[in-house]
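# Reading the structure
Each chain, written out:
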Amino acid sequence: GTWKSERVIASRQGPHLRLAGGDAGIINFCANNYLGLSSHPEVIRAAVEALEKFGAGLSSVRFICGTQSIHKDLEEKIARFHQREDAILYASCFDANAGIFEALLTPEDAVLSDELNHASIIDGIRLCKANKYRYKHMDMQDLEAKLKEAQKHRLRLVATDGAFSMDGDIAPLREICQLAQKYDALVFIDECHATGFLGPSGRGTDELLGVMDKVTIINSTLGKALGGAAGGYTTGPKPLIDLLRQRSRPYLFSNSLPPAVVGCASKALDLLMESNAIAQSMAAKTQRFRSKMATAGFTISGKDHPICPVMLGDARLASVMAEDMLNRGIYVIGFSYPVVPKGKARIRVQISAVHSDEDIDRCVEAFTEVGRKHGAL
């Protein structure tokens, strides 16, 4: 009962969907479309304009004949958004994470990684020859012990998700940065589930926690809140970005981002930098869902993040409940091993700025019905 299958969508991504072979009216609660920009008319228009002006694609990698003016403009805009010196684009943030550790770290260095970091960070670290330390999830005592142990190495890099995608919790960046300063380490954060909506102006967990000047490197995505198409990036010190252009294998050996994707992301950043209204609309909607689900008797992991994991424990229960939710018009997915640890199966609900209060209330009602039916309440 835990075999993963893919549902086929026959409409645009958004809060309401039509599934292939089914009726319209399905409410979508499991996309990373945090700001609702995947189908925003201005974002779509920007993609069409970029497609018409710059073509379908470059048929090449960046350093041969694949860099257009829009790529450079978007990199400059990303760096300005994050208040960093420079940025470099990748086909995905998975590629950005695969490309940075090997290019930056040598066998003389050390990388210290949270045990629940995203799979792409884990894979990126595996590719490098640095000494590897894994600290317990958000455990600052364990991180400090590992930093003490790593003092014998030339350079130390602490790597963590800013917001953890499976649990909806936020890394204690203030404490991490304090330890990094104490033990002369650099800090790297993956902001895929934070960029665009966490912090007063949506710049991410480092803005939310007031440490923008203490985080050295940020990797993030264009494929979630920032238009939802594809693409990722690294932003940070210019010498690092220059090094990645010379040495990062996913950058050197992958085709350039398609112009339409660049157009989408560029317009999404424009909308964010013009106003923080969309980003700020998330908080009330997230709180509404979390409080109503807690009142109904469910355990919701994380805190104050639109990722709201409904913890169930049993993998088959999560799968069956997700199917029953779809029968009630609510699109959610059950998560089980190997996506999450054994015994920690869940249904991960994700709130979007374009969900209405009625959408959220209907989701809670369906969860309550299905939960009682299957003995989860």
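Along every chain, residues carry numbers that run from 1 in the direction the sequence is written. Totals for whole chains, interfaces and linings use all residues, but because this is a predicted model, local features are given only for residues with pLDDT of at least 70 and pairs of side-chain atoms are given and counted only at 80 or more. Note that the side-chain values use all heavy atoms of the structure and ignore hydrogens as well as water.

Per an unreviewed UniProt entry, the chain goes by the name 2-amino-3-ketobutyrate coenzyme A ligase, mitochondrial and belongs to Cisticola juncidis. UniProt positions are given in the numbering used here, feature names are shortened, and annotations may be inferred rather than shown by experiment. What UniProt states about the chain under its Sequence similarities (unreviewed entry) heading is, verbatim, "Belongs to the class-II pyridoxal-phosphate-dependent aminotransferase family." Reading the Cofactor (unreviewed entry) entry of the UniProt record for the chain gives the comment "pyridoxal 5'-phosphate".

### A closer look at the layout of surface pockets
Grid points spaced at 1 Å over the protein atoms alone were grouped into cavities, where a 1.4 Å probe fits but cannot get out, and pockets, open sets with protein on both sides within 12 Å along at least five of seven lines, with lining residues defined by an atom within 4 Å of a point. Grid points are joined across faces, edges and corners, and a volume is the space filled by probe spheres set on the points. Considering only enclosed or pocket space, the largest pocket measures out at about 1200 Å³ in volume. Lining the largest pocket are 48 residues, with Cys-30, Ile-333, Phe-335, Arg-348 and Gln-350 sitting closest to its centre. A run of H or I in DSSP becomes a helix once it reaches four residues, and a run of E becomes a strand once it reaches two; helices and strands are each numbered from the N terminus. Of all the secondary structure elements, the ones that give two or more residues to the lining of the largest pocket are helix H4 (93-104), helix H13 (315-327), strand S12 (334-335) and strand S13 (345-350). Broken down by element, the residue count for the lining of the largest pocket peaks at five residues, all from H13. Charged means Asp, Glu, Lys or Arg here, nonpolar means Ala, Val, Leu, Ile, Met, Phe, Trp, Tyr, Cys or Pro, and polar covers whatever is left, Gly included. Tallied by class, the residues present in the lining of the largest pocket amount to 19 nonpolar, 21 polar and eight charged. When residues of the lining of the largest pocket are sorted by domain, at least three fall in each of domain 1 (16-30 + 278-374) and domain 2 (41-274). Volume-wise, the second largest pocket comes out at about 660 Å³. As for the second largest pocket, its lining consists of 27 residues, and the residues nearest its centre are Glu-115, Leu-116, Asn-117, Ala-119 and Ile-122. Ranked by residue count, the leading element in the lining of the second largest pocket is helix H5 (residues 119-127), at five residues. Boundaries of every domain are those given by an automatic assignment or by a domain database.

### A few points about empty space enclosed by the protein
The full count for this structure, using the stated rule, is two cavities of 30 Å³ or more. Taken as a whole, the largest cavity encloses approximately 80 Å³ of empty space. Lining the largest cavity are Arg-62, His-71, Leu-89, Tyr-90, Ala-91, Pro-250, Tyr-251, Ser-254, Asn-255, Ser-256 and Leu-257. Listing elements by their share of the lining of the largest cavity, those giving two or more residues are strand S3 (86-90) and helix H10 (249-252). As a volume, the second largest cavity reaches approximately 50 Å³. Every residue along the wall of the second largest cavity is listed here: Gly-14, Pro-15, Asn-28, Ala-31, Asn-33, Tyr-34, Gln-350, Ser-352, Val-354 and His-355. Here the lining of the second largest cavity is composed, by residue class, of four nonpolar, six polar and no charged.

### Here we look at the sheet that holds strand S2 (residues 24-28)
Think of it this way: DSSP has to see at least two bridges between two strands before they count as a pair. Ordered by their spatial adjacency, three strands build an open sheet running S1-S2-S11, and the pairing between neighbours is mixed. Two strands bound the open sheet, and with one partner strand each, they are strand S1 (16-18) and strand S11 (330-331). Here S2 runs beside S11; their pairing, made up of two bridges, is parallel. Residue pairing in the sheet places Ile-27 in a bridge with Ile-330 of S11.

### Regarding the packing of aromatic side chains
Describing an aromatic ring pair means giving the distance of the ring centres and the angle of the ring planes. Stacked, tilted and edge-to-face pairs are distinguished by plane angle, under 30 degrees for stacked and over 60 for edge-to-face with tilted covering the rest, among Phe, Tyr and Trp rings (Trp via its six-membered ring) whose centres lie within 6.5 Å. Per the counting criterion, the structure on display carries four aromatic pairs. Arranged with centres 4.2 Å apart and planes meeting at 35°, the rings of Tyr-34 and Phe-197 form a pair that is tilted. Residue Tyr-34 is located in the loop between S2 and helix H1 (41-54), and its partner Phe-197 is located in the loop between strand S7 (186-190) and helix H8 (205-208); the two are separated by 163 residues in the primary sequence. Grouping residues by exposure puts Tyr-34 and Phe-197 together as buried. A cation over an aromatic ring shows up here: Lys-342 above the ring of Tyr-337, its NZ or CZ 4.8 Å from the ring centre. Working definition: with a 1.4 Å probe on protein chains only, accessible area under 20% of the residue-type maximum means buried, over 50% means exposed, and in between means partly exposed. By the criterion adopted, a ring carries a charge over it if an Arg CZ or a Lys NZ lies within 6 Å of its centre and within 35 degrees of its normal.

### Some words on the sheet that holds S12
Strands sit in the order S10-S13-S12 across an open sheet of three strands; the sheet is antiparallel. Each end of this open sheet is capped by a strand with a single partner; those strands are strand S10 (307-313) and S12. Along the sheet, H13 makes contact with S10, S12 and S13, crossing S13 at roughly 40°. We call two residues contacting when some pair of their heavy atoms lies within 4.5 Å. Angles here are taken between N-to-C directions and fall from 0 to 180 degrees, while the axes themselves are lines fitted to C-alpha atoms, restricted in helices to the stretch in contact.

### Quick notes on the domain arrangement of the chain
Reports often express the size of an interface as the amount of accessible area lost when the parts come together. Here the chain is partitioned into domain 1 (16-30 + 278-374) and domain 2 (41-274). Measuring from the centre of the C-alpha atoms in domain 1 to the corresponding centre in domain 2 gives 28 Å. Between domain 1 and domain 2, the contact holds 17 residues from the first and 16 residues from the second. The term buried area denotes the loss of accessible surface (1.4 Å probe radius) that occurs when two parts are joined, taken as the sum for both partners. Around 1200 Å² of area is buried between domain 1 and domain 2 when both sides are counted, 59% of it from carbon and sulfur atoms. Should a side-chain nitrogen of Lys or Arg be within 4 Å of a carboxyl oxygen of Asp or Glu, the pair is scored as a salt bridge. The tally of links from domain 1 across to domain 2 stands at one salt bridge. With a closest N to O distance of 3.2 Å, Arg-346 and Asp-167 form a salt bridge. Each polar contact in these results corresponds to two N or O atoms within 3.5 Å; when the atoms are within protein, one needs to be able to donate a hydrogen and the other to accept it, and residues that are neighboring in sequence are counted only if both atoms are side-chain atoms. Linking domain 1 with domain 2 are seven residue pairs in polar contact (both at pLDDT 80 or more). For the side of domain 1 that touches domain 2, the secondary structure elements donating two or more residues are helix H12 (277-296), S10 and S13. A total of four residues in the side of domain 1 that touches domain 2 trace back to one element, the largest contributor, which is H12. Considering only residue class, the side of domain 1 that touches domain 2 consists of eight nonpolar, five polar and four charged.

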